[in-house]
Amino acid sequence: MSDTPDMGDLIETDDPSFQHVLACVFGIQEHESRTYLTLLDNPGSTVAELADILDRDRSNVNRSLTTLMEKNLADRERRLLDPGGYVYQYTGTPLPEAKEMLHNALDKWAEQVHESIEEYGTE
């Protein structure tokens, strides 16, 4: 299995965890799905806070957050600090919305598979 699981990995797994399903369907790495789940429990976290919680380097957490934002699984807001400057705070896409995205992606994939089956031999 590669570091970034895909739908094939999902099919080969007898009892996949939600974190594994998330990684396979969205094509993200397991540590990125773990970052998403951590965001759900810690909304409004900064990169530094997430790095401490996840016990990972800040640059790695930052890359994970960038990927999650690209996949619409996280949002970033800029908060101004009293002494000046700002910090970014991250929040995970609400779980019901993420579940809907997962269902839609799986439905689309299944539809494509069914079309491939039906088209075979008709060419």
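Please refer to the structure higher up on the page.
Let me sum up the structure you'll find in this document. Everything numeric here is computed off the predicted structure, so don't read it as measured data.

## What to know about helix α4 (residues 47-54)
The complete set of buried residues in α4 reads Val47, Leu50, Ala51 and Leu54. The buried residues of α4 occupy an angular sector of 105° when the element is viewed end-on, so they sit on one face. Packing partners of the buried residues in α4 comprise α3 (30-41), α5 (58-70) and β2 (86-92). Of the residues one or two after α4, Asp55 is the one with positive phi, at around 55°.

## Points about the pairing of strand β1 (residues 74-80)
Across seven bridges, the pairing between β1 and β2 is antiparallel. By the bridge assignment, Arg79 is partnered in β2 with Val87. Remark: five residues form the turn of the hairpin made by β1 and β2, two consecutive strands paired antiparallel; Gly84 in that turn has positive phi of roughly 110°.

## Description of helix α6 (residues 95-119)
Between its terminal C-alpha atoms α6 stretches 36 Å, which fits the 36 Å expected from 25 residues at 1.5 Å a residue. Among all positions in α6, only Ala98, Met101 and Leu102 are buried.

Conventions used here
Here the residue numbers are simple positions, counted from 1 along each chain's written sequence. A pLDDT threshold of at least 70 governs which residues receive local features in this predicted model, and a stricter bar of 80 or more applies before side-chain atom pairs are shown or counted, although totals over entire chains, interfaces and linings include all residues. Note that the side-chain values use all heavy atoms of the structure and ignore hydrogens as well as water. Three labels apply to residues, based on accessible area from a 1.4 Å probe with only protein chains included: buried if under 20% of the type maximum, exposed if over 50%, partly exposed otherwise in between. The numbering of helices and of strands both runs from the N terminus, where a helix is a DSSP run of H or I of at least 4 residues and a strand a run of E of at least 2. To be clear, the arc concerns the directions from the helix axis to the C-beta atoms. Should any heavy atoms of two residues lie within 4.5 Å, those residues are counted as being in contact. Strand pairing follows a simple DSSP-based rule, namely that at least 2 bridges must link the two strands. Given the number of residues in a helix, its expected span is that number minus one, multiplied by 1.5 Å.

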